[in-house]
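Coordinate inspection notes
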Amino acid sequence: MLSWLPENVSTYGKEIDALIALIYYITLAWFVLTAGALLLFLFRFRHREGRRPAYLTGERFREVAWLLGLGVVVLGARSLDRLSRRRGLGQDQGAGASHRPRGP
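Residues numbered from 1 in each chain as written. Predicted model: local features only at pLDDT ≥ 70, side-chain atom pairs only at ≥ 80, totals over all residues. Heavy atoms only, no water.

**With respect to the overall build of the protein chain**
Helix and strand content of the protein chain: two helices and zero strands. Residues counted as buried form 6% of the 104 residues belonging to the protein chain. Working note: accessible area of the protein chain is about 10,400 Å², and carbon and sulfur atoms make up 65% of it. (Helix = DSSP H or I, 4+ residues; strand = E, 2+ residues; numbered from the N terminus. Buried < 20%, exposed > 50% of the residue type's maximum accessible area, 1.4 Å probe, protein only. Areas by Shrake-Rupley, 256 points an atom, 1.4 Å probe, with all protein chains shown as cover.)

In structure tokens form, the structure reads like this:
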């Protein structure tokens, strides 16, 4: 897939390479979408003679509501994460967790 990755020397190297490739292609897609949106907005909102730009102060209710709404979402997600960790739902379930002895 990605020729710049080092040679696989372990039995699970193929899975790691597949994960790296997945992350790489997702990131590439987001980059292309972002760059495309930037070019679209550059073209759409370019300077035009006789047209004055809008002056935005940031004091409007809708603008403040967006910021407050985002803050509530971020703080709510953080609170849910801490609550789930406190209840033991966010404990490490990764590789190696199933090999630990379970018992008294």
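**Focus: helix α2 (residues 61-86)**
The terminal C-alpha atoms of α2, which comprises 26 residues, lie 36 Å apart, in line with the 38 Å expected from a rise of 1.5 Å per residue. Looking at the residues trailing α2, positive phi occurs at G88, about 90°. (Expected span 1.5 Å × (residues − 1).)

**Thoughts on the pattern of salt bridges**
Where charged atoms of side chains with opposite charge meet at close range, the side chains can pair. As enumerated under the stated definition, the model contains one salt bridge in all. Of the charged contacts in the structure, one is a salt bridge between D81 and R85, with a shortest N-O distance of 3.1 Å. With D81 and R85 both in helix α2 and four residues apart, the pair spans about one turn of that helix. (Salt bridge = Lys/Arg side-chain N within 4 Å of Asp/Glu carboxyl O.)

**Thoughts on the packing of aromatic side chains**
If you walk through the whole model with that rule in mind, you get two aromatic pairs. Where Y24 meets Y25, the ring centres are 5.2 Å apart and the plane angle is 75°; that geometry is what we call edge-to-face. The aromatic ring of F43 is capped on one face by R46, whose charged end is 4.4 Å from the ring centroid. (Phe/Tyr/Trp six-rings, centres within 6.5 Å; stacked < 30°, edge-to-face > 60°. Lys NZ or Arg CZ within 6 Å of the ring centre and 35° of its normal.)

**A few points about the side chain of D17**
Its location among the elements puts D17 in helix α1 (residues 13-44). For D17, which is buried and forms no salt bridge, the nearest opposite charge comes from K14, at a distance of 9.1 Å. (Lys, Arg positive; Asp, Glu negative; His and termini not counted.)

**Describing a nonpolar patch on the surface**
Taken together, the side chains of W4, Y12, I16, I20, Y24, Y25, L28, F31 and V32 define a hydrophobic patch exposed on the protein surface, amounting to about 950 Å² of accessible area. As for its placement among the helices and strands, Y25 is situated in helix α1. (Patch = residues over 30% accessible without salt bridge, like charges linked within 9 Å, V, L, I, M, F, W, Y side chains within 5 Å.)

**Let's talk about the environment of A21**
Mapped onto the fold, A21 is located in helix α1. Distance from A21 to L5, taken between C-alpha atoms, is 9.7 Å for residues 16 residues apart in sequence.

Take it as geometry only, folks, not as evidence of what the structure does.
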